[in-house]
Amino acid sequence: MFSIHKHIKNLFCLAAVILCLSCVSNDPNELTNTADRSGNASAPMVNSEPHALGNIEYHTALLAQELFSQVRTDREYRYAVINFVPVTSLKFDPSQQGPLMLLGHQLSEGMVTEASRIGLITQDYKTTNDIVISKDADYVFSRDVSRLNAMQDIDFYIAGTITEQQQGAIVNARIIHVDSKDVVASATKFFPANIFWEREKVSTRNGLIYRTDS
């Protein structure tokens, strides 16, 4: 009799364990989007950094998050985003050929997007006075100064420098007050070399040819 009761008790314990295991979710997304103990929905957690190829917007967003966390979202101020340039020459070098040759241009475009997302007002000073209609396309952007208005009511510049490394580049971004030239915010982020495409076996640097073994 005692053994039968013991056997029934063990069966109940086993059933309870199976029931508890069935309540546990196997969906990792469900674990990262649940509400916290205070009742507020928690933000999804980033489990790991995605592959660098094709994810320049991911790295730009991280850089912008660090940079803009140091300023208030005030729509009374106007920002102008300037091209990020190599730290050695402080200007774009069209003769430079490499995976990161367009990084400075893409950073300035991405910073406009990130600034708008948090409510900052940026002035696109490369917008023409009228729509320009050509044989092949219509456009409103130009680098022809005669087609552009002078920048007005700009309070801050968003700019930065690029320092190339063997496996990528260190980007230093800053927000500069136009009149005083004071740096009111700054941020640093490493951008991997394969951010636009896979690393090439043959590349050039400072006019010299380099070969990378696979």
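No experiment lies behind these values; they were computed from the predicted model shown.

Moving on, we get to the packing of helix α3 (residues 56–68) against helix α4 (residues 103–117). For the pair α3 and α4, interaxial distance at closest approach is 9 Å and the crossing angle is 60°. The angle between the axes of α3 and α4 places the two elements in the oblique class. Our pair here, α3 against α4, has a crossing hand that is right-handed. Counting all contacts with α3, which are made through Ile-56, Thr-60, Ala-61, Leu-63, Ala-64, Leu-67 and Phe-68, the residues of α4 involved are Leu-103, Gln-106, Leu-107, Gly-110, Met-111, Glu-114 and Ala-115. Looking at the contact of α3 with α4 residue by residue, the class counts come to ten nonpolar, three polar and one charged.

Mapped onto the fold, Ser-142 is located in the loop between β5 (138–141) and β6 (156–165). Within the structure, the side chain of Ser-142 is placed 2.9 Å from the backbone nitrogen of Asp-144, a separation counted as a polar contact. Excluding anything up to four places from it in sequence, Ser-142 contacts Lys-126, Thr-128, Arg-147 and Leu-148.

A contiguous nonpolar surface patch, about 420 Å² in accessible area, is contributed by Ile-131, Ile-133, Val-140 and Phe-141. Elements supplying a minimum of two residues to the nonpolar patch: β4 (127–133) and β5. Tracing the backbone shows Phe-141 in strand β5.

With 26 residues, the main nonpolar core has Leu-67, Phe-68, Leu-103 and Ile-175 as its most contacted residues. For this core, the element with the highest residue contribution is α3, accounting for five residues. When sequence neighbours within four positions are dropped, the list of residues in contact with Phe-68 reads Met-111, Glu-114, Ala-115, Ile-118, Leu-120, Ile-158 and Ile-175.

With that out of the way, let us pick up the confidence of the model for the protein chain. Per-residue confidence for the protein chain averages 75 on the pLDDT scale, and 66% of its residues sit at or above 70. Here residues 24–48 is a poorly scored stretch, pLDDT under 50, and it has 13 contacts once near neighbours within four places are set aside; other chains count.

Its volume calculated, the second largest pocket comes out at about 190 Å³. Taken together, Val-81, Ser-108, Glu-109, Val-112, Thr-122, Gln-123, Asp-124, Tyr-125, Lys-126 and Phe-141 make up the full set of residues lining the second largest pocket. Looking at the lining of the second largest pocket, the element that brings in the most residues is α4, giving three residues.

The subject of this paragraph is unusual backbone geometry. Notably, Leu-90 is not glycine yet its phi reads approximately 60°, a positive angle. On the secondary structure map, Leu-90 appears in the loop between β2 (85–86) and α4. Leu-90 gets classed as exposed once you look at its relative accessible area, which sits at 56%. Although it is not a glycine, Lys-181 sits at a positive phi angle of roughly 65°. Looking at the secondary structure, you find Lys-181 in the loop between β7 (168–177) and β8 (183–192).

Our focus in this paragraph is the pairing of β6. As paired elements, strand β1 (residues 78–81) and β6 share three bridges and run parallel to each other. Bridge pairing in β6 places Tyr-79 opposite Phe-156. When β6 meets β7, the two strands line up antiparallel, connected through ten bridges. In the sheet register, Gln-165 faces β7, and the bridge partner there is Gly-168. Linking β6 back to β7 in an antiparallel pair, the connection comprises two residues.

Our next topic: empty space enclosed by the protein. Over the atoms rolls a probe the size of a water molecule, and its path tells where empty space is left. Taken as a whole, this structure holds one cavity of 30 Å³ or more when the rule is applied. Its boundaries defined by the atoms lining it, the largest cavity holds a volume of some 100 Å³. In terms of lining, the largest cavity is formed by Asn-83, Phe-84, Val-85, Pro-86, Phe-92, Gln-96, Leu-100, Met-101, Gly-104, His-105, Ile-162 and Glu-164. Elements supplying a minimum of two residues to the lining of the largest cavity: β2, α4 and β6. For the lining of the largest cavity, the class distribution of residues is seven nonpolar, four polar and one charged.

What counts as what
- Residues numbered from 1 in each chain as written.
- Predicted model: local features only at pLDDT ≥ 70, side-chain atom pairs only at ≥ 80, totals over all residues.
- Heavy atoms only, no water.
- Axes fitted to C-alpha atoms, helices over the stretch in contact; angles between N-to-C directions.
- Helix = DSSP H or I, 4+ residues; strand = E, 2+ residues; numbered from the N terminus.
- Parallel < 35°, antiparallel > 145°, perpendicular 65-115°, else oblique.
- Left-handed = near helix turned anticlockwise from the far one by under 90°.
- Contact = heavy atoms within 4.5 Å.
- Nonpolar A, V, L, I, M, F, W, Y, C, P; charged D, E, K, R; others polar.
- Polar contact = N/O pair within 3.5 Å; in protein donor to acceptor, adjacent residues only side chain to side chain.
- Patch = residues over 30% accessible without salt bridge, like charges linked within 9 Å, V, L, I, M, F, W, Y side chains within 5 Å.
- Areas by Shrake-Rupley, 256 points an atom, 1.4 Å probe, with all protein chains shown as cover.
- Salt bridge = Lys/Arg side-chain N within 4 Å of Asp/Glu carboxyl O.
- Core = buried A, V, L, I, M, F, W, Y, C linked by side-chain atoms within 4.5 Å.
- Buried < 20%, exposed > 50% of the residue type's maximum accessible area, 1.4 Å probe, protein only.
- pLDDT = per-residue confidence, 0-100.
- 1 Å grid on protein atoms, 1.4 Å probe; cavity = no way out; pocket = protein on both sides within 12 Å on 5 of 7 lines; lining within 4 Å.
- Points joined across faces, edges and corners; volume = space filled by probe spheres on them.
- Pairing = 2+ DSSP bridges.

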